[in-house]
Amino acid sequence: MRMTLHTDYALRMLIYVATRPDRMCTVNEVASAYDLSRNHLLKVAQTLRDLGLVETTRGRSGGIRLAKVPEEIAVGALVRATEEEFSLAECMQAGGRACAISPACRLKSMLHEALGAFLAVLDKYTLADIVVNRAALGPLLGIDTTTAHQAKGEQAK
């Protein structure tokens, strides 16, 4: 199983945005942090907005931020929503060529079972599970996480 770049980038964008819960993020920041195509990430941001996972604001102070708390963003559901198809072999594709052994082949059912197991594992996790180590992720993405934590600490006093 190999996820499309769209799904991969959607997960990366959510990770970045979840690592900066204190402010709006821009697509340019995400593109720079991961060294990815800005144009592709614009499409990803639109998909995430359409799925209700991020809020987008246009304009000078605009950007993107999570529309839900990370605990409510299920990884399995995101993968199902962003993947175009889950054909692990040609015989599983809609309109795929017929295989000579299709009437007696058991591989197709095994692949369906394997795909189900793959998605079942992802269903156990949320975005919160991915970013639980936010302090370690931040510096790798060029984010100063200490400032946000200090500001929250000062507000609590």
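Structure: see above.
Residues numbered from 1 in each chain as written. Predicted model: local features only at pLDDT ≥ 70, side-chain atom pairs only at ≥ 80, totals over all residues. Heavy atoms only, no water.

### What about the overall build of the protein chain?
Alright, step 1. Counting its secondary structure elements, the protein chain contains eight helices and two strands.
Alright, step 2. Listed by position from the N terminus, the elements making up the protein chain come as α-α-α-β-β-α-α-α-α-α.
Alright, step 3. By sequence separation, contacts in the protein chain at least 24 residues apart represent 64% of the contacts at least 6 residues apart.
Alright, step 4. For the protein chain, the computed accessible surface area is about 9,900 Å², with 52% contributed by carbon and sulfur atoms. (Helix = DSSP H or I, 4+ residues; strand = E, 2+ residues; numbered from the N terminus. Contact = heavy atoms within 4.5 Å. Areas by Shrake-Rupley, 256 points an atom, 1.4 Å probe, with all protein chains shown as cover.)

### Topic: the nonpolar core
Alright, step 1. In this structure, M13, L14, L41, L48, L66 and L127 are the most contacted members of the largest nonpolar core, which totals 35 residues.
Alright, step 2. At nine residues, the largest contribution of residues to this core is made by helix α1 (residues 5-19).
Alright, step 3. The residues touching L14, leaving out its near neighbours within four places in the chain, are L48, L53, V54, L66, I73, L78 and L127. (Core = buried A, V, L, I, M, F, W, Y, C linked by side-chain atoms within 4.5 Å. Buried < 20%, exposed > 50% of the residue type's maximum accessible area, 1.4 Å probe, protein only.)

### Regarding the pattern of salt bridges
Alright, step 1. With the rule as written, the count across this model stands at five salt bridges.
Alright, step 2. Linking E29 and R23 is a salt bridge whose minimum nitrogen-to-oxygen distance equals 2.9 Å.
Alright, step 3. Residue class for E29 comes out partly exposed when judged on its relative accessible area of 22%.
Alright, step 4. Across the pair D50 and R49 runs a salt bridge, and its minimum N-O distance is 3.1 Å.
Alright, step 5. For D50, a relative accessible area of 55% puts it in the exposed group.
Alright, step 6. Residue classification places R49 among the partly exposed residues on the basis of a relative accessible area of 37%. (Salt bridge = Lys/Arg side-chain N within 4 Å of Asp/Glu carboxyl O.)

### Topic: the pairing of strand β1 (residues 54-57)
Alright, step 1. With four bridges joining them, β1 and strand β2 (residues 63-66) adopt antiparallel strand pairing. When the sheet's bridge partners are listed, E55 is paired in β2 with R65. (Pairing = 2+ DSSP bridges.)

### Description of helix α3 (residues 38-50)
Given 3.6 residues per helical turn, the α-helix brings residues three or four places apart onto the same face.
Alright, step 1. Helix length check: α3 (13 residues) gives 18 Å between terminal C-alpha atoms against 18 Å at 1.5 Å per residue, within 8%.
Alright, step 2. Looking at α3, one finds that the buried residues are L41, V44, A45 and L48. Taken around the axis of α3, the buried residues stretch over an arc of 105°, which confines them to a single face. When the buried face of α3 is taken as reference, the exposed residues oriented beyond 90 degrees from it are N39, K43 and D50. (Expected span 1.5 Å × (residues − 1). Arc of directions from axis to C-beta.)

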